[in-house]
Amino acid sequence: MIGSILFLAFLVMLLGGVPIGVALGLAGALAITLADQSIMAMPTNVYAGIAKYPLIAIPMFVLVGCVFDRTGVALRLVRFATALVGAGRGALASVSILVAMVIGGISGSGPATAAAVGKVVTEGMVKDGYPRPFIASTVGAAAATDILIPPSIAFIVYAVMVPGVSVPAIFMAGMLPGILAGCALLVPILLISWLRDFGGKNPDRGALSVWRTFKEAFWGLMAPVVILGGMRIGAFTPTEAAVMAVFYGLFIGFFVYRSMTLRDLYEMMVEAGEISAVILVIVALASVFAWSTATLGIVQPIAGWIVGLGLGEYGTIALLMVALVFIGMFLDGVSTFLILLPVLIPIARSFGWDLTWFGVILTMKIAIGQFTPPMAVNLMVSCRIAQVSMESTLPWVLWLILAMFAALALVVAFPGIALWLPAAMGVL
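Residues numbered from 1 in each chain as written. Predicted model: local features only at pLDDT ≥ 70, side-chain atom pairs only at ≥ 80, totals over all residues. Heavy atoms only, no water.

Draft legend 1. Representation of the overall build of the chain within the structure. Within the chain one finds 20 helices and zero strands. The C-alpha atoms of the chain give a radius of gyration of 21 Å, which matches the 22 Å a tight globule of 428 residues would have. Principal-axis analysis of the C-alpha atoms places the extent of the chain at approximately 70 × 45 × 45 Å. In the chain, buried positions account for 54% of the 428 residues. (Helix = DSSP H or I, 4+ residues; strand = E, 2+ residues; numbered from the N terminus. Rg over C-alpha atoms; globule rule 2.2 N^0.38 Å. Buried < 20%, exposed > 50% of the residue type's maximum accessible area, 1.4 Å probe, protein only.)

This is the structure in structure tokens:
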């Protein structure tokens, strides 16, 4: 009974517009009170929820995204990618996918990448003959790969919450599925562009020198190498890598591109502080919610009921796929993990699934939800920049959703796609 009240209270507050962190904390506090537990468990769990060393990486990676946005890295990457792929049909749309994947190796945030890439490519794609709804669909879907390609804030939270999963292991596990997802998105984008004659229409787009644009984009292309390479050789931990990435970005901004000022630095730190505070408040208050579900014995009956449906491994994965894609329409990856992992991990253990692989497929499901209407967070950002309604994107975005589902199906059917790289690098 108390378990039903817990989830019902959370859902009512969420639908009523209460911020998700506050809704989680209040629902958890209500359950604790109804169960005659000590309310002092609440401050203890709030502190314990964020007193974890790996979580220090979150504000640092958020700041990295802000730094690289201000330095103009996205624009230089677009110019280099355009020089590589040319200016024909579907070229600039493909560029937006490739650039989003590279930026995903810097910021780790889907909405932030949708904003950065959308600001750079939207007007150019309009001049090149792409309809605005198609542009919004492409950018929103491209940005969804960012929670798969490390560094990923969602992966950090998953590793913190799941014993036995390390941050380096799940970072490496997400690399190939993230690239696979990006390649899967390229297929419908290129087909639609060729069939509908999108692209190659801007007479002002002159030929770009590959070498010159490569030199301009070199420092941005090296950022994922610095972050992931440093972790691979053991030079620093994921948390330390985030700090190094901040200094690397500041070096580029102040001394290489010379596009930043001290005022920019102050504004970026304020922006990163606000975004990080929102994330960490959600993490802290979600700990109260998670503690109440575990203490009241709510988790095991739900997990047992799902396993007891008799759907088998693939049937259960399909059920979770539908549920998580739906939830991903409304919530970001971090919030989804904080709420549902206490239920999902017992299910994974009952089937003997590898928890690192399980984290990757969960994240892929959430990524699909981030650009699936009606409440897709990435698509909201890209639609606002492209100045179109979300409804207008439906004819295009549905094909991209199917492409991402195909990539997810491959990772489910062949776990080695996710597990080969971390095993080969000795971090699994």
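Structure shown, so let's carry the discussion forward.
Draft legend 2. Spotlight on the nonpolar core. Ranked by size, the top nonpolar core spans 145 residues in total, and within it Tyr158, Trp357 and Phe358 carry the most contacts. Broken down by element, this core gets its largest block of residues, twelve residues, from helix α10 (residues 167-196). Excluding anything up to four places from it in sequence, Phe358 contacts Tyr158, Leu320, Leu344, Ile345, Ala348 and Trp353. (Core = buried A, V, L, I, M, F, W, Y, C linked by side-chain atoms within 4.5 Å. Contact = heavy atoms within 4.5 Å.)

Draft legend 3. Spatial organisation of the side chain of Thr372. Within the element layout of this structure, Thr372 appears in the loop between α17 (355-369) and α18 (377-386). Overall, Thr372 belongs to the buried group, its relative accessible area being 9%. Here Ile368 takes part through its backbone oxygen, which lies 2.6 Å from a polar atom of the side chain of Thr372. (Polar contact = N/O pair within 3.5 Å; in protein donor to acceptor, adjacent residues only side chain to side chain.)

Draft legend 4. Looking closely at the packing of aromatic side chains. The final tally for this structure, using the stated rule, is 14 aromatic pairs. Ring plane angle 75° and centroid distance 6.2 Å describe the contact between Trp353 and Trp357, whose orientation is recorded as edge-to-face. Here Trp353 matches Trp357 in class, with each residue buried. Clustering of aromatic rings is evident, with ring pairs tying together Phe80, Phe214, Phe218, Trp219, Tyr248, Phe251 and Phe255. Here Arg76 stacks its cationic end above the ring of Tyr257, 3.7 Å away from the centre of that ring. (Phe/Tyr/Trp six-rings, centres within 6.5 Å; stacked < 30°, edge-to-face > 60°. Lys NZ or Arg CZ within 6 Å of the ring centre and 35° of its normal.)

Draft legend 5. Structural detail: helix α11 (residues 210-232). If you look at α11, its biggest bend is around 50°, right at Ala217. Within the span of α11, buried status applies to Thr213, Ala217, Gly220, Ala223, Pro224, Ile227, Leu228, Gly230 and Met231. Phi turns positive, to about 80°, at Gly234, one or two residues after α11. (Bend = angle between axes of the 7 residues up to and from the residue.)

Draft legend 6. Molecular detail of helix α2 (residues 20-34). With 15 residues, α2 should cover 21 Å at 1.5 Å per step; its first-to-last C-alpha distance of 21 Å lies within 8% of that length. Trailing α2 by a residue or two, Asp36 shows a phi angle of about 60°, which is positive. (Expected span 1.5 Å × (residues − 1).)

These figures come from the coordinates and say nothing about function on their own.
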